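What follows is each chain in one-letter form.
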Amino acid sequence: GQQLNQSPQSMFIQEGEDVSMNCTSSSIFNTWLWYKQDPGEGPVLLIALYKAGELTSNGRLTAQFGITRKDSFLNISASIPSDVGIYFCAGLPQPGGGADGLTFGKGTHLIIQP
Amino acid sequence: GAVVSQHPSRVICKSGTSVKIECRSLDFQATTMFWYRQFPKQSLMLMATSNEGSKATYEQGVEKDKFLINHASLTLSTLTVTSAHPEDSSFYICSARKGIVNEQFFGPGTRLTVL
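To keep things clear, this report deals only with the structure shown in the data block. All of these numbers come straight from a predicted model, not from anything done at the bench.

Here the focus is the state of the cysteines. Two cysteines joined by a covalent bond between their sulfur atoms form a disulfide. Scanning all chains against the criterion turns up 2 disulfides over all chains. Across the disulfide, Cys23(A) is cross-linked to Cys89(A) (sulfur-sulfur distance 1.7 Å). On the sign convention where negative means left-handed, the S-S torsion of about -75° between Cys23(A) and Cys89(A) marks this disulfide as left-handed. Here Cys23(A) is found in strand β3 (residues 19-24), whereas its partner Cys89(A) is found in strand β9 (residues 85-93), with 66 residues between them in sequence. For Cys23(A), a relative accessible area of 1% translates into the label buried. For Cys89(A), a relative accessible area of 0% corresponds to the buried category. Shown here is the disulfide that connects Cys23(B) with Cys94(B), its sulfur atoms set 2.0 Å apart. Looking along the S-S bond of the Cys23(B)-Cys94(B) disulfide, the torsion reads about 80°, which is the right-handed sense. Note that Cys23(B) is positioned in strand β3 (residues 19-25) and Cys94(B) in strand β9 (residues 90-97), a separation of 71 residues in sequence. A relative accessible area of 0% places Cys94(B) in the buried class.

Conventions adopted
- Residues numbered from 1 in each chain as written.
- Chains lettered and ligands numbered in written order.
- Predicted model: local features only at pLDDT ≥ 70, side-chain atom pairs only at ≥ 80, totals over all residues.
- Heavy atoms only, no water.
- Disulfide = S-S within 2.5 Å.
- Helix = DSSP H or I, 4+ residues; strand = E, 2+ residues; numbered from the N terminus.
- Buried < 20%, exposed > 50% of the residue type's maximum accessible area, 1.4 Å probe, protein only.

Structure (structure tokens):
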């Protein structure tokens, strides 16, 4: 099936730094979701985006739904050790709806050095 | 809340046996549940969509006779891996759609190891 292009694949940063990652697609999506997955666990929903141009925050996390509907980014400000993990973007392509399964990016592995 | 559980969390079985994995939405009703598979260091890949009271919809390349899905109620979907082989070893994760929005909430996953 279709996959999203997520970058970077991995990030090594210092504690306190800001983080930015993004996902792009060649086709239009009508929903973008950002998840965090810790080793051996299921993904946890961080932010959901439904409208083109929408900018949503969840604590230190901010995500935006691109105007073209083909991309989204996630920013993490002032990173802390517990931010370590793998971040996945996921989307529902258009047309389609909630009854469809998600298409996932390949993930961004965030590593934080104290 | 939106809590999804899976059971078992880990299972080790012999080649040729069948394994059943349960997915439950604990505090909401889910008309649609989804099953994903994740190999080490890879992303999640959708296997099938499970609809309460109807047959599951499988993604291309996923054998419906090997991965049996039953969505018997609005809070329970089961995935049975029949005649398991070592190449079926993977991390199986379910998700449930809550309400009419497009958000999906994931279970903690089941680590299947086939010897």
